[in-house]
Amino acid sequence: MSYKEKIIKDLYINNDLYEEFQRISQIKIKKFKLEKKSGGYRYIHSPDARIKLIQYWLIDNVLKSLPIHPAAYAFKKNTSILDNAKRHSKNKYYLTIDFIDFFHSIKFIDFLNFSDNYNISKNSEIFTDELLNIIRKFCFYNDVLPIGYTSSPIISNILMYDFDQKITEYIKQKKGVVYSRYADDIVISTNKKNESIEIYRDIKKIIYENVNPKLLINFKKVKFLSSTSGSAYVTGLKINPHKQVSISKKKKDHIRLLLSIYKKKGLSDEERKSLSGHLSYIKYVEPKFYTKLQEKYFVEIDKIYKTL
């Protein structure tokens, strides 16, 4: 049975509908831009629901069975930014690296390269020309991995496996060094002062020599941090000198302010939803702080959850 026949059977559609899905796969895409906090814009592609349906099928029947490196923490079931931060909590010194246009740096040619190697490693034609054509039409836009596609996160992790492995092999030579990647955020931590500078020099070379995908460092976002100085943040979470992961003081103050305003004069529906999200976040990341808030704002927190 061909992949086309499997999709038609599993999704309870006919051949004409499938052909229609293919026809619109590069057409029925809404495009918009979001302003970045750091300046500039992030371009989002939102596909038609029919295109998403095929993407979900590809995730369930093809993509989720492909290897993702243990050092990759984003877009994975049962992992979070907290798990990513905890991975580094025993170290004192941190190097963080970000990429320019991470998703858009990943091209269909990178998937072709991956599929060739995968077929060879399995000694089987798992990725047929038909399957590759379906992935190309439904998961890439103009042969570039778009932000906004349901399938883009898992594809990015799959195609970054070799890169993650290269970094992992490199840090094995250095005692106590830890590596993780959360989407386009690389974090490398160590307990040796100044070792981060040497690591950065070597990592730059690995990134420069990596071809599939071809990545560019966002030099404005490269940071050398230290938990002893209070500057260590891993994917938005603070690691303090006592090797504990916590929320930043700025975010805590913001949540306290929202609760105070809610107690005195109330909040709009949108603001209450936002506050509810913040509370769920801190309950997961820093339960002790959540308990303190409950002691002071028990009535308000209870009312927020009941009115949503």
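Relevant structure appears above.
Along each chain, numbering runs from 1 in the same order as the chain's sequence is written. Predicted model: local features are reported for residues with pLDDT of at least 70 only, side-chain atom pairs are reported and counted for 80 or more only, and whole-chain, interface and lining totals are derived from all residues. To obtain the side-chain values, all non-hydrogen atoms of the structure were used and water was disregarded.

With that settled, the discussion passes to the nonpolar core. Working definition of a nonpolar core: buried Ala, Val, Leu, Ile, Met, Phe, Trp, Tyr and Cys residues. They are joined through side-chain atoms within 4.5 Å. For each residue, the accessible area found with a 1.4 Å probe, counting protein chains only, is set against the maximum for its type, and the residue is called buried under 20%, exposed over 50%, and partly exposed in between. Core analysis: the largest hydrophobic core is formed by 60 residues, its most contacted members being L58, L63, F111, F127, I155, F163 and I203. If you tally residues by element for this core, the top one is helix α6 (residues 129-139), at six residues. The criterion used for residue contact is that any of the two residues' heavy atoms lie within 4.5 Å. Those residues in contact with L63 that lie beyond four places of it in its chain are L58, F111, S151, I154, I155 and I158. Among the nonpolar cores identified, the runner-up in size contains 27 residues, and A85, V245, L293 and I301 belong to it. Runs of E in the DSSP output that reach at least two residues are strands. Runs of H or I that reach at least four are helices, and both are numbered from the N terminus.

With that out of the way, let us pick up the layout of surface pockets. With a 1 Å grid spanning the protein atoms alone, the term cavity applies to any set of points in which a 1.4 Å probe fits but cannot get out, the term pocket to an open set with protein on both sides within 12 Å along at least five of seven lines, and the term lining residue to any residue with an atom within 4 Å of a point. Grid points are joined across faces, edges and corners, and a volume is the space filled by probe spheres set on the points. The computed volume of the largest pocket comes to approximately 1600 Å³. As for the largest pocket, its lining consists of 42 residues, and the residues nearest its centre are R42, D98, D184, D185 and K221. For the lining of the largest pocket, the elements supplying multiple residues, two or more each, are β2 (41-47), β3 (93-98), β5 (185-190), β6 (223-226), β7 (233-234) and α10 (249-264). Following the grouping adopted for this structure description, the nonpolar residues are Ala, Val, Leu, Ile, Met, Phe, Trp, Tyr, Cys and Pro, the charged ones are Asp, Glu, Lys and Arg, and the polar ones are all others, Gly among them. Here the lining of the largest pocket is composed, by residue class, of 21 nonpolar, nine polar and twelve charged.

Before going further, it helps to spend a moment on the packing of helix α2 (residues 15-24) against helix α3 (residues 49-61). Two numbers describe how α2 lies on α3: the axes approach to 9 Å, and their chain directions differ by 105 degrees. Looking at the two axes, α2 sits roughly perpendicular to α3. Between α2 and α3, the contacting residues are E20, F21 and I24 on the first element and R50, I51, L53 and I54 on the second. A breakdown of the residues in the contact of α2 with α3 according to their chemical character gives five nonpolar, no polar and two charged. Lines are fitted to the C-alpha atoms to define the axes, a helix being fitted only along its stretch in contact, and any angle between axes, read from their N-to-C directions, falls within 0 to 180 degrees. Any angle between 65 and 115 degrees counts as roughly perpendicular, while under 35 counts as roughly parallel, over 145 as roughly antiparallel, and the rest as oblique.

As a further point, take the pairing of strand β1 (residues 29-35). Of the strand pairs in this sheet, β1 and β2 are connected by seven bridges, and their pairing is antiparallel. Following the sheet pairing, K31 is matched in β2 by H45. Taking the residues between adjacent antiparallel strands as the criterion, β1 and β2 are bridged by five residues, where G39 takes a positive phi near 105 degrees. When DSSP finds at least two bridges between two strands, those strands are taken to pair.

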